[in-house]
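Each chain, letter by letter, is given below.
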Amino acid sequence: MNMKTSLRIPAFLPAAALLAAGFMACASAAAGTPYTERALRNYDTYCVQCHGVKRNGRGVNTRDMAVQPRDHSDAKGMGDIPDEEIAHAIKDGGLAVNKSVLMPAWGNVMSDEEIKELVAYLRFVCNCGSTK
Amino acid sequence: MKRSLLAASLGAAFAAGPALAADNPGTGILKAQCISCHAIAKPDNMTLDRLWTRKGPDLYYAGSKFNKAWLVKWMQEPVRIRPAGEFYAKHVKAGDKEDVVDESTLTAHVKLSKADAEAVADALMALTGPDGLVAKGAFKGDKVSMAMGAMFFSKLRGCAACHSAKPGTGGASGPELYTAGERLQPDYIYSYIKDPQKVDPHIWMPTLNLAEPDLQRLTGYILQLSASEGK
């Protein structure tokens, strides 16, 4: 894991939330905010259980899962998925994009706006744009 | 005039929360030992921030959720229900392969004597929560094939990602379900699966838009699991 990745993927959640809040304050003052605090909070609440503390697809639920969650820190793999597909997968679940049912639908939990913010956050985590 | 108004509003308050009447000794125990971690009245601020700060699951609708016999038993001998605690995000850390539960962050639950457990169970069963939280009579009680149930639970609807249907397997972020039939009322199981956010607005189980036959089948399967596995 290189320096950049370890900065992007904090090891402990409560610390992560604090750190990110701090980063954000700087980031928005300096360079424009790459993601919202709300997106980070939503990810830590809803996604970490499967996608992992390190965002590497190795959450606490994954030991017995037949299909492993996507590694959100993988620039190549995430770069291959267009923004619209990411948003669609989050809102309507894996089945909606011909992927596994083990990726659930979050459209009843988060608004379209929140999902859009999550897509931006995922782009920050993978340090990749969409190549499509 | 003033006095009768006061009496009327007092009366209304009591009618809304009969369990909080002072004559129930269980209510006294709840207030003294439990409300630091559990809400026994519906909080006004049902926000995501509150989910992160609360220290235990909400109990203000306990009477619509639990079987009383289980409450009495569990409060005397509490054992873990949620493999990764409440709430999971505060109790997991990166492991060698995948994230693991950080056992050092989980503490043993307070234990009650038999008499206290019975009094508290009475007080909890009177806390039925908001009207319409649970659809009464929704579960039809049909027997389901365990093989079919297991297939839906694991492969087709993905419940096993977060829940275990058997000790030692399955997901860890949701409560173990092989004891759910002993713990929970059938209509609560049905209603929760149908719309978890209606019960607990920001909970990390999504509403999975399941059709009626799925809801019946999964509720029946979970109830039958308890009969076979949850011993």
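Note that the structure is predicted; figures quoted are calculated from it, not measured.

Rules used in this analysis
Residues numbered from 1 in each chain as written. Chains lettered and ligands numbered in written order. Predicted model: local features only at pLDDT ≥ 70, side-chain atom pairs only at ≥ 80, totals over all residues. Heavy atoms only, no water. Helix = DSSP H or I, 4+ residues; strand = E, 2+ residues; numbered from the N terminus. Buried < 20%, exposed > 50% of the residue type's maximum accessible area, 1.4 Å probe, protein only. Areas by Shrake-Rupley, 256 points an atom, 1.4 Å probe, with all protein chains shown as cover. Salt bridge = Lys/Arg side-chain N within 4 Å of Asp/Glu carboxyl O. Contact = heavy atoms within 4.5 Å. Buried area = accessible area lost by both parts, 1.4 Å probe. Polar contact = N/O pair within 3.5 Å; in protein donor to acceptor, adjacent residues only side chain to side chain. Arc of directions from axis to C-beta. Phe/Tyr/Trp six-rings, centres within 6.5 Å; stacked < 30°, edge-to-face > 60°. Lys NZ or Arg CZ within 6 Å of the ring centre and 35° of its normal.

Visitor: When you look at the overall build of chain B in this model, what are you seeing that I'm missing?
Guide: In terms of regular secondary structure, chain B is built from eleven helices and two strands. Going through the 231 residues of chain B one by one, you find that 51% of them count as buried. Surface accessibility of chain B: about 11,600 Å² in total, with carbon and sulfur atoms responsible for 60%.

Visitor: What exactly am I supposed to notice about the pattern of salt bridges here?
Guide: Any two side chains of opposite charge can pair if their charged atoms end up close together. Residues and elements named next belong to chain B. Within the structure shown, the criterion is met by 22 salt bridges over all chains. A salt bridge links Glu182 to Lys73; the nearest nitrogen and oxygen atoms lie 2.7 Å apart. Note that Glu182 is positioned in helix α8 (residues 180-183) and Lys73 in helix α5 (residues 68-76), a separation of 109 residues in sequence. Two residues, Lys114 and Glu118, come together in a salt bridge whose shortest N-O distance is 3.4 Å. Of this pair, Lys114 and Glu118 both sit in helix α6 (residues 114-125), four residues apart, which is roughly one turn of that helix. Several salt bridges converge on common partners, so that one network encompasses Arg50, Arg54, Asp58, Arg82, Glu86 and Asp200.

Visitor: Is there a simple way to think about the interface of chain B and chain A in this case?
Guide: Accessible area lost upon the coming together of the parts serves often as the stated size of an interface. Tallying the contact residues gives 36 residues for chain B and 28 residues for chain A. Considering only the side of chain B, the residues that lose the most area to chain A are B:Trp52, B:Glu98 and B:Asp99, jointly responsible for 22% of the buried surface there. Viewed at the interface, chain A and chain B are joined by two salt bridges. The salt bridge partner of B:Glu98 is A:Arg58, with a shortest N-O separation of 3.3 Å. The interface formed by chain B and chain A includes 18 residue pairs in polar contact (both at pLDDT 80 or more). For the side of chain B that touches chain A, the elements supplying multiple residues, two or more each, are α3 (48-53), β1 (92-93), β2 (100-101) and α7 (146-156) of chain B.

Visitor: It is not clear to me how helix α2 (residues 25-34) of chain B should be interpreted in this structure. Could you clarify?
Guide: Structural remark: α-helix, 3.6 residues per turn; residues separated by three or four positions point the same way. Residues and elements named next belong to chain B. Residues Gly26, Thr27, Ile29, Leu30 and Cys34 constitute the buried set of α2. What you see down the axis of α2 is that its buried residues fit within an arc of 160 degrees, all on one side. In this structure, α2 carries Pro25 and Ala32 as exposed residues pointing more than 90 degrees from its buried face. On the buried face of α2, the contacting elements are α6. Between a side-chain oxygen at the N-terminus of α2 and the backbone nitrogen of Gly26 the separation is 2.8 Å; the capping residue is Asn24.

Visitor: When you look at the packing of aromatic side chains in this model, what are you seeing that I'm missing?
Guide: Two aromatic rings, taken as a pair, are described by how far apart their centres are and by the angle between their planes. Going through the model one piece at a time under the given rule, you end up with 15 aromatic pairs over all chains. Centre to centre, the rings of B:Tyr60 and B:Tyr61 are 4.9 Å apart; their planes meet at 90 degrees, and the pair counts as edge-to-face. By the ring-pair criterion, three or more aromatic residues cluster together here, those being A:Tyr35, A:Tyr43, A:Tyr121 and A:Phe124. Sitting over the ring of B:Phe152, B:Arg217 keeps its end group 3.9 Å from the ring centre.

Any functional reading would require information that these geometric values do not contain.
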